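# Secondary and tertiary structure notes
If you want the building blocks of each chain, they are given just below.
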Amino acid sequence: MALELNITVLIGGVGGAKLARGLAEVVPPPRLSFIVNTGDDFWRYGLKICPDLDTVMYTLADIVNPETGWGLAADSSAALDSMARLYGVDNWFRLGDKDLATHLLRTQRLREGESLSQVTAHLSRQLGISARILPMTDAEVPTILNTINEGKLPFQDYFVRRRCAPIVQSIMHKNAERAAIPERARAALLNADALLIAPSNPWLSIAPILSVPGMRALLSRVRAPVIAVTPIIGGEAVKGPTAKIMRELGLRPSAAAVAEYYQGILDGFVNDSRNPPMELPGVQVLQSDTLMRTLEDKIRLAQEIVHWIEGWLS
Ligand code: GDP
């Protein structure tokens, strides 16, 4: 860990968090900042739930459920089971008993007037995380999917309740025009030596971040290079609906289509070695094995990317 670089990462949930875990072993965590998607956030059972913030937080604190990549390790579900058994509540959105601690505390502090940025900083500090975990905005910008068969679906209805089955026509970021980049997130973007876009779902995890007014403009004029990592390997997503959504939106699932989606902000692209080589005007490409199954994979990929950036900046 001899690195002096400040790295800021735009990130969603489980896919992105794999790279975050590797980066935290390669870059001193105080030099790492994560701008996290909050388009998946919603209110349920009276609580404010922020799935991607929690996934990144739990991953960096090493308390994440290793089987799912989200939620807490060794958790149980007695509270939600009781809600269904005693009161007939439809508990399709699962929250673990230990995990409830996070949602209860977050909701309490938000109700007391703290911003989501402040609450997240508090929770991260308490979990012993020294990287900065920063919501993309403090406003509520819920992702809504416009589907062919079931009309407009709030994100979690689509993703969890309907298991991504409905066909997506378009995606909206409600109230984005009223949102702003929080000061801490802006500082992390301006002070970075390199900006990464994690291998997260471009349409569901990164697009909401880019929808915050001023974000795209800021990314295209920051001095630091902006480098995206492919979430597509061999024409498919490793997990989740990225490739399915691309097909439904009329795109061929490929790393090239992802890079094209980020056109205008991108200086570099980490392509998977299983994908066809790419050539993009003005964009440097690193071919690498981007599949992260083990902690060693995550560290190796993070190392490769950071060395590439170092060579670039020196
Ligand atoms: P979510 O919010 O929990 O769905 O997670 P993200 O949006 O952060 O990540 C989903 C994306 O991560 C999908 O498009 C996957 O293809 C991608 N992904 C998951 N694991 C890997 C991996 O090991 N390597 C690469 N390159 N992409 C991955």
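The structure contained in this document is the topic of the report that follows.

What counts, and at which threshold
- Residues numbered from 1 in each chain as written.
- Predicted model: local features only at pLDDT ≥ 70, side-chain atom pairs only at ≥ 80, totals over all residues.
- Heavy atoms only, no water.
- Core = buried A, V, L, I, M, F, W, Y, C linked by side-chain atoms within 4.5 Å.
- Buried < 20%, exposed > 50% of the residue type's maximum accessible area, 1.4 Å probe, protein only.
- Contact = heavy atoms within 4.5 Å.
- Phe/Tyr/Trp six-rings, centres within 6.5 Å; stacked < 30°, edge-to-face > 60°.
- Salt bridge = Lys/Arg side-chain N within 4 Å of Asp/Glu carboxyl O.
- Helix = DSSP H or I, 4+ residues; strand = E, 2+ residues; numbered from the N terminus.
- 1 Å grid on protein atoms, 1.4 Å probe; cavity = no way out; pocket = protein on both sides within 12 Å on 5 of 7 lines; lining within 4 Å.
- Points joined across faces, edges and corners; volume = space filled by probe spheres on them.
- Pairing = 2+ DSSP bridges.
- Axes fitted to C-alpha atoms, helices over the stretch in contact; angles between N-to-C directions.
- Near = heavy atom within 4 Å.
- Polar contact = N/O pair within 3.5 Å; in protein donor to acceptor, adjacent residues only side chain to side chain.
- Areas by Shrake-Rupley, 256 points an atom, 1.4 Å probe, with all protein chains shown as cover.
- Nonpolar A, V, L, I, M, F, W, Y, C, P; charged D, E, K, R; others polar.

Glancing now at the nonpolar core. Counting 49 residues, the largest nonpolar core has Leu10, Ile35, Ile197, Met215, Tyr262, Leu266 and Phe269 as the members making the most contacts within it. For Tyr262, the residues in contact, after removing those within four places along its chain, are Ile197, Ser200, Pro202, Ile206, Leu210 and Ala228. Counting residues in hydrophobic clusters, the runner-up holds 42 residues, among them Val27, Phe34, Val36 and Val56.

Now for the packing of aromatic side chains. For the structure on display, the rule yields 6 aromatic pairs. Ring geometry for Trp92 against Phe93: centres 6.0 Å apart, planes inclined by 90°, an arrangement best described as edge-to-face. Here Phe93 falls in the buried class, since its relative accessible area comes to 8%. Aromatic ring contacts, followed pair by pair, group Phe42, Trp92 and Phe93 into a single cluster.

This brings us to the pattern of salt bridges. Scanning the entire structure with this criterion turns up 16 salt bridges. Between Asp157 and Arg161 there is a salt bridge, with its nearest N and O atoms 2.7 Å apart. In this pair, Asp157 and Arg161 both sit in helix α6 (residues 155-161), 4 residues apart, roughly one turn of the helix. Of the residues examined, Asp157 reaches a relative accessible area of 19% and is grouped as buried. Among the residues examined, Arg161 registers a relative accessible area of 36% and is labelled partly exposed. A salt bridge links Asp272 to Arg274; the nearest nitrogen and oxygen atoms lie 2.7 Å apart. The exposure class of Asp272 is buried, given its relative accessible area of 0%.

Its volume calculated, the second largest pocket comes out at about 220 Å³. Forming the walls of the second largest pocket are 19 residues, and the residues nearest its centre are Gly39, Asp41, Phe42, Trp43 and Pro142. The set of elements that each furnish at least two residues to the lining of the second largest pocket consists of β3 (42-44), β6 (143-147) and α6. In terms of residue count, α6 provides more of the lining of the second largest pocket than any other element does, 3 residues in total.

Attention now moves to the sheet that holds strand β7 (residues 151-154). An order of β7-β6-β8 is seen for the 3 strands of this open sheet, with the pairing classed as antiparallel. Of all strands in the sheet, those with a lone pairing partner are β7 and β8 (168-173), marking the two edges. For this sheet the average axis-to-axis angle between neighbouring strands, irrespective of direction, equals 25°. By the bridge criterion, 5 bridges tie β6 to β8 in an arrangement that is antiparallel. Its bridge partner lying in β8, Leu145 is registered against Ile171.

Near the ligand, the surroundings consist of 22 residues, among which Ser200, Ser205, Pro231, Thr242 and Thr290 are the closest. Contacts to the ligand include Val14, whose backbone N or O atom sits 2.9 Å from an oxygen atom. Met292 is positioned such that a nitrogen or oxygen atom in its backbone is 2.8 Å from an oxygen atom of the ligand. Here the ligand, which alone exposes 590 Å², has 92% of that area covered by the protein. Here the shell around the ligand is built from residues that sort into 9 nonpolar, 10 polar and 3 charged.

Now for the sheet that holds strand β9 (residues 194-197). Within a beta sheet, neighbouring strands are joined by backbone hydrogen bonds and run either parallel or antiparallel to one another. Strand order in this open sheet of 7 strands is β5-β2-β1-β9-β10-β13-β14, and the pairing throughout is parallel. The open sheet is flanked by β5 (132-135) and β14 (284-288), the only strands paired with a single partner. The mean inter-strand angle of the sheet, taken between neighbouring strand axes irrespective of direction, is 20°. Of the pairings in the sheet, the one linking strand β13 (residues 268-272) to β14 comprises 5 bridges and is parallel in character. The residue of β14 that forms the bridge with Gly268 is Gln284. Packed onto the sheet, helix α1 (residues 14-26) meets β1 (7-11), β2 (32-36), β9 and β10 (226-229) and runs at close to 165° relative to β1.

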